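Residue-level listing of the chains:
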Amino acid sequence: MEKNANGEVEVVAADGTQARTETRELKETIASLREQLEIANASRADAMQRAVAGGREEVRQLQAAVQALREEMEAALQEHRRHDQEMLAAHRQETRQLQGTIAELRMQLEARRESPH
């Protein structure tokens, strides 16, 4: 047995056992690192899928809100148009009545002017 530079005890055999041990340990380290990388990639992929799904849901909710606001705005515009039409019709009717009253008063005034006192 010998100590290496790190102070670890190594068994050195003439048949190369140490080289095989180091090779096995390196392969195990590589396998462990690959597994950790796969776990990290899977975790990142899951997080990305959740983010995309959340984004899609938010877009769907925003589209629904926009549609609801459009419908509300259209209903308000139709109500304003209906109200404006009613007001215009009422003003036209009032104008016709006033014009009729004016015409009647003119006729009465003309009749008084023409009749002897």
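Structural notes on the overall build of the protein chain
Secondary structure assignment for the protein chain yields one helix and two strands. Moving toward the C terminus, one meets the helices and strands of the protein chain in the order β-β-α. Across the 117 residues in the protein chain, those meeting the buried criterion constitute 0%. When the accessible surface of the protein chain is summed, it comes to about 10900 Å², and 56% of that surface belongs to carbon and sulfur atoms.

Observations regarding the confidence of the model for the protein chain
On average, residues of the protein chain carry a pLDDT of 90, and 85% of them reach 70 or more. Considering each helix and strand of the protein chain separately, the mean pLDDT is smallest for strand β2 (residues 9–10), with a value of 56, and largest for helix α1 (residues 17–114), with 95.

Describing the pattern of salt bridges
What the rule picks out here adds up to six salt bridges. E28 serves as the salt-bridge partner of R24, at 3.3 Å between the closest nitrogen and oxygen. Pair noted here: R24 and E28 are both in helix α1, with a separation of four residues, about one helical turn. Taking the relative accessible area as the measure of exposure, R24 reaches 43% and is therefore partly exposed. Residue R82 is joined to E86 by a salt bridge in which the shortest nitrogen-to-oxygen separation is 2.2 Å. Placement of the pair is R82 and E86 together in helix α1, with a separation of four residues, close to one helical turn. Judged by its relative accessible area of 39%, R82 is partly exposed. Its relative accessible area of 46% is what places E86 among the partly exposed residues. Salt bridges linked by common partners bring E79, R82 and E86 together as one network.

What counts and how
- Residues numbered from 1 in each chain as written.
- Predicted model: local features only at pLDDT ≥ 70, side-chain atom pairs only at ≥ 80, totals over all residues.
- Heavy atoms only, no water.
- Helix = DSSP H or I, 4+ residues; strand = E, 2+ residues; numbered from the N terminus.
- Buried < 20%, exposed > 50% of the residue type's maximum accessible area, 1.4 Å probe, protein only.
- Areas by Shrake-Rupley, 256 points an atom, 1.4 Å probe, with all protein chains shown as cover.
- pLDDT = per-residue confidence, 0-100.
- Salt bridge = Lys/Arg side-chain N within 4 Å of Asp/Glu carboxyl O.

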